[in-house]
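# Working through the structure, step by step
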Amino acid sequence: GAGVSQTPSNKVTEKGKYVELRCDPISGHTALYWYRQSLGQGPEFLIYFQGTGAADDSGLPNDRFFAVRPEGSVSTLKIQRTERGDSAVYLCASSFSGLGGFTDTQYFGPGTRLTVL
Amino acid sequence: AQTVTQSQPEMSVQEAETVTLSCTYDTSESDYYLFWYKQPPSRQMILVIRQEAYKQQNATENRFSVNFQKAAKSFSLKISDSQLGDAAMYFCAYKTKGTYKYIFGTGTRLKVLA
């Protein structure tokens, strides 16, 4: 079936604005993850959803960042009062169970490149 | 805390030749998994190969194989018969068994020369 999709592919915004980034996981995957990848770095964990609930949001940098997954499928990452330092690629991934087993591989989307001017 | 280090920011290999990408990690856990992901310019991370820490045998997937040295905490990726399509960023990643959080290295950019 289809892989993980993310929209928009690119987003340019001005400092102080609000943005929403969308992730559509693989059908049937209960676990969903958000990562942030800054230039020249590997992805850094932001938040993990198991079904509709955020099981671990320890990677969110501050309270300007928030994510939801109301029906256990599509997720939206929301960033308020954007800052230039928020510029990065935001990656979404999903996996079948999220239980951390060897075969519970995370499948990544193509990411959204956010640029804050 | 676990860390993953990739000390080679960039590597080049001639088409059809073999190249090895290095990765070291640090953990106090005994049961964990290691991964290599490929990220082409399209940005989509693709799983290349994975290894369970408890398995002595090195994982192999077609032209890709790993050299897993648990005592040395080393996990290198060997690409044989390199192809132009192998050009990408390669990330080494760690995950403790039973958890979901990947720890990624900073990546190695692989260039394949025709």
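Above this text is the structure in question.
## Describing the overall build of chain B
Each helix and strand in chain B was counted, giving 0 helices and 12 strands. Along chain B, helices and strands appear, N-terminal first, in the series β-β-β-β-β-β-β-β-β-β-β-β. Seen along its three principal axes, the alpha-carbon backbone of chain B occupies a region of about 40 × 25 × 20 Å. Looking at chain B alone, contacts between residues at least 24 apart form 55% of all its contacts between residues at least 6 apart. Carbon and sulfur atoms provide 46% of the accessible area of chain B, an area that totals close to 5500 Å².

## Here's the deal with the pairing of strand β4 (residues 31-37) of chain A
All names here are of chain A. With respect to burial, β4 is a largely interior element, 7 of its 7 residues being buried. Note that β4 and strand β5 (residues 44-50) share 6 bridges and pair antiparallel. Looking at β5, one finds that Trp-34 is bridged to Ile-47. Following β4, the chain reverses through 6 residues before pairing antiparallel with β5; Gly-40 in that reversal takes a positive phi of roughly 80°. Pairing geometry for β4 and strand β9 (residues 88-95), over 7 bridges, is antiparallel. Its bridge partner being in β9, Arg-36 is matched across the sheet by Tyr-90.

## Quick notes on the packing of aromatic side chains
One pass over the structure, following the stated rule, counts 19 aromatic pairs over all chains. Here Phe-108 of chain A and Tyr-37 of chain B contribute two aromatic rings whose centre-to-centre distance is 5.4 Å and whose plane-to-plane angle is 80°, an arrangement assigned as edge-to-face. Of this pair, Phe-108 of chain A sits in strand β10 (residues 107-108) while Tyr-37 of chain B sits in strand β5 (residues 32-39), which puts the two residues in different chains. Residue Tyr-37 of chain B is classed as buried on the basis of its relative accessible area of 0%.

## Details of the state of the cysteines
What the rule picks out here adds up to 2 disulfides over all chains. Across the disulfide, Cys-23 of chain A is cross-linked to Cys-92 of chain A (sulfur-sulfur distance 1.8 Å). Looking along the S-S bond of the Cys-23 of chain A-Cys-92 of chain A disulfide, the torsion reads about -65°, which is the left-handed sense. Of this pair, Cys-23 of chain A sits in strand β3 (residues 19-24) while Cys-92 of chain A is found in strand β9, placing the two residues 69 residues apart along the sequence. Cys-23 of chain A sits in the buried class, given a relative accessible area of 0%. Two residues, Cys-23 of chain B and Cys-92 of chain B, share a disulfide whose sulfurs are 2.0 Å apart. Linking Cys-23 of chain B and Cys-92 of chain B, the disulfide has an S-S dihedral of approximately -70° and is accordingly described as left-handed.

## Side note on the pattern of salt bridges
Counting across every chain of the model gives 9 salt bridges over all chains. As a salt-bridge pair, Glu-10 of chain B and Lys-111 of chain B come within 3.4 Å of each other at their nearest N and O atoms. Here Glu-10 of chain B, found in strand β2 (residues 10-14), pairs with Lys-111 of chain B, found in strand β12 (residues 108-113); they are 101 residues apart in sequence, far enough to count as distant. Put simply, Lys-97 of chain B and Asp-31 of chain B hold a salt bridge, and the shortest N to O gap is 3.4 Å. Of this pair, Lys-97 of chain B sits in the loop between β10 (88-96) and β11 (103-104) while Asp-31 of chain B sits in the loop between β4 (24-26) and β5, placing them 66 residues apart in sequence. For Lys-97 of chain B, a relative accessible area of 47% gives the class partly exposed. A residue is classified by how much of its surface remains accessible, and Asp-31 of chain B, at 21% relative accessible area, is partly exposed. Because the salt bridges share partners, they merge into one network encompassing Arg-64, Glu-83 and Asp-86 of chain A.

## A word on the nonpolar core
Residue and element names in this part refer to chain B. In terms of nonpolar packing, the biggest core is built from 25 residues, with Tyr-25, Trp-36, Phe-75, Leu-77, Tyr-90 and Leu-110 touching the most fellow members. Where this core is concerned, the elements lending two or more residues are β3 (19-21), β5, β6 (46-52), β8 (64-69), β9 (74-79), β10 and β12. Element by element, the count of residues in this core is highest for β10, at 4 residues.

Rules used throughout
Residues numbered from 1 in each chain as written. Chains lettered and ligands numbered in written order. Predicted model: local features only at pLDDT ≥ 70, side-chain atom pairs only at ≥ 80, totals over all residues. Heavy atoms only, no water. Helix = DSSP H or I, 4+ residues; strand = E, 2+ residues; numbered from the N terminus. Contact = heavy atoms within 4.5 Å. Areas by Shrake-Rupley, 256 points an atom, 1.4 Å probe, with all protein chains shown as cover. Buried < 20%, exposed > 50% of the residue type's maximum accessible area, 1.4 Å probe, protein only. Pairing = 2+ DSSP bridges. Phe/Tyr/Trp six-rings, centres within 6.5 Å; stacked < 30°, edge-to-face > 60°. Disulfide = S-S within 2.5 Å. Salt bridge = Lys/Arg side-chain N within 4 Å of Asp/Glu carboxyl O. Core = buried A, V, L, I, M, F, W, Y, C linked by side-chain atoms within 4.5 Å.

The analysis is restricted to geometry; functional conclusions fall outside its scope.
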